[in-house]
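# Descriptive analysis of the structure
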Amino acid sequence: MELARFLHGSPDHRTAGATITHGRAYEVLSATFFLGRRRAVFTRLAQLSGARPGDRVLDVGCGTGYLTRAMAHQVTATGSVLGVDPSADVVAHARRLAAGLTHCTFADGIAEDLDAADGHYDAVVTSLVIHHLPEPLRERALAEMMRVLRPGGRVLVADFRPPKGRIGRHLVGAVTGPAMEHNPVHLLEPLVRGAGFADVETGDLPLIRYVRAVKPAPAR
Ligand SMILES: C[S@@+](CC[C@H](N)C(=O)[O-])C[C@H]1O[C@@H](n2cnc3c(N)ncnc32)[C@H](O)[C@@H]1O
């Protein structure tokens with residue numbers, strides 16, 4: 001149960017959600033959790049985001065920045081990626097891990113109130129974050145992602161997909177707590193559609209469900 005509390009963090013007064021307070025430990029646990037498949041999964045997520053060389057990308061709830069760095073490779077040094085997270089400790093750790101990747105930067109930030117101008121980004125990605133947010137904040141977070149994307153920009157939302165079998169689910173619950181054991185990952189797609197995104201596609205990777213979509217261009 002302590003591990004569950006650690007993984008799902010401490011309540012944060014700014015977000016009413018739960019932030020992760022130990023970057024180094026989260027990094028080790030996350031690497032272990034994916035059983036050697038983390039690189040493959042996150043490289044694939046970066047490809048699925050549809051971001052291209054030169055694009056400006058935002059990673060919301062970046063944690064220690066694994067996806068942020070994968071996105072930096074995806075957009076190459078002609079593009080830029082900003083990872084934001086409300087936890088000062090994970091942001092500091094993310095900065096250390098990305099040292100040398102000058103087009104990959106990190107800042108304090110919360111999903112439900114993004115500090116960016118309307119239409120600023122070509123792509124927005126977020127992984128393993130939605131289950132950290134209380135339900136009312138999930139819609140606000142998606143509305144913010146929509147706002148900061150340019151028309152035609154792409155969103156990729158990925159979250160933990162609990163195992164189908166009862167025993168597997170129970171094991172996940174024992175280690176990580178109820179938020180992941182019962183993660184209602186089937187609600188991701190309606191969440192993205194509800195925010196007004198178009199061309200919505202859903203798929204599964206090991207341990208992950210992703211939804212990707214496009215911000216519609218305004219009608220002429
Ligand atoms: C399970 S971690 C995922 C980190 C990273 N995206 C990854 O895939 O490894 C969830 C992250 O969401 C962050 N978080 C919690 N509440 C948030 C909020 N309101 N806005 C943005 N991030 C938040 C936590 O601090 C934590 O770093």
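Whatever comes next refers back to the structure up there.
Basis of the calculations
Residues numbered from 1 in each chain as written. Predicted model: local features only at pLDDT ≥ 70, side-chain atom pairs only at ≥ 80, totals over all residues. Heavy atoms only, no water. Near = heavy atom within 4 Å. Polar contact = N/O pair within 3.5 Å; in protein donor to acceptor, adjacent residues only side chain to side chain. Areas by Shrake-Rupley, 256 points an atom, 1.4 Å probe, with all protein chains shown as cover. Helix = DSSP H or I, 4+ residues; strand = E, 2+ residues; numbered from the N terminus. Contact = heavy atoms within 4.5 Å. Buried < 20%, exposed > 50% of the residue type's maximum accessible area, 1.4 Å probe, protein only. Pairing = 2+ DSSP bridges. Right-handed = clockwise from strand over helix to strand, strands pointing away. 1 Å grid on protein atoms, 1.4 Å probe; cavity = no way out; pocket = protein on both sides within 12 Å on 5 of 7 lines; lining within 4 Å. Points joined across faces, edges and corners; volume = space filled by probe spheres on them. Nonpolar A, V, L, I, M, F, W, Y, C, P; charged D, E, K, R; others polar. Arc of directions from axis to C-beta.

Of all residues adjacent to the ligand, which total 20 residues, the nearest are Y26, G61, D85, A111 and S127. A distance of 2.9 Å separates a nitrogen atom of the ligand from a polar side-chain atom of E112. Within the side chain of S127, a nitrogen or oxygen atom sits 2.5 Å from an oxygen atom of the ligand. Contact with the protein chains hides 98% of the accessible area of the ligand, taken as 600 Å² for the molecule alone.

Before going further, it helps to spend a moment on the environment of D59. Mapped onto the secondary structure, D59 falls in strand β3 (residues 56-60). It is 8.2 Å that separates the C-alpha atoms of D59 and S127, two residues lying 68 residues apart in sequence. Once residues within four sequence positions are removed from consideration, D59 is found in contact with L67, T68, L82, G83, V84, V125 and T126.

In this structure, L35 takes a positive phi of about 50° despite not being glycine. Mapped onto the fold, L35 is located in the loop between α2 (23-33) and α3 (38-48). Residue classification places L35 among the exposed residues on the basis of a relative accessible area of 66%. With phi around 50°, D199 is a residue other than glycine that occupies positive phi space.

As paired strands, β3 and strand β4 (residues 80-85) are joined by five bridges and run parallel to one another. Within β4, the position partnered with D59 by the bridge is G83. Where the polypeptide runs from β3 across helix α4 (residues 66-75) and back to β4, its parallel neighbour, the crossover connection is right-handed. As paired elements, β4 and strand β5 (residues 104-108) share five bridges and run parallel to each other.

So, on to the layout of surface pockets. In this structure, the second largest pocket spans a volume of roughly 180 Å³. Taken together, I130, H131, E135, R138, E139, D159, N183, P184, V185, L187, L188 and L191 form the lining of the second largest pocket. Among the secondary structure elements, those contributing two or more residues to the lining of the second largest pocket are α6 (135-148) and α9 (188-194). Broken down by element, the lining of the second largest pocket gets its largest block of residues, three residues, from α6. The class makeup of the residues in the lining of the second largest pocket is six nonpolar, two polar and four charged.

What follows is about helix α7 (residues 166-176). The set of residues buried in α7 consists of V172, G173 and T176. The arc enclosing the buried residues of α7, seen along the axis, measures out at 100°, which places them on a common side. For α7, the exposed residues lying more than 90 degrees away from the buried face are R166, I167, H170, L171 and A174. A positive backbone phi angle near 95° is found at G177, which sits one or two residues after α7.

Tracing the sequence through the fold places H103 in the loop between α5 (88-97) and β5. Within the structure, the side chain of H103 is placed 2.8 Å from the backbone oxygen of A72, a separation counted as a polar contact. Separated by 3.2 Å, the side chain of H103 and the backbone oxygen of T76 make a polar contact. Apart from residues no more than four positions distant in its own chain, H103 is found in contact with A72, V75, T76, A77, G79, S80 and V81.

Bear in mind that shape data such as this cannot, by itself, settle questions of function.
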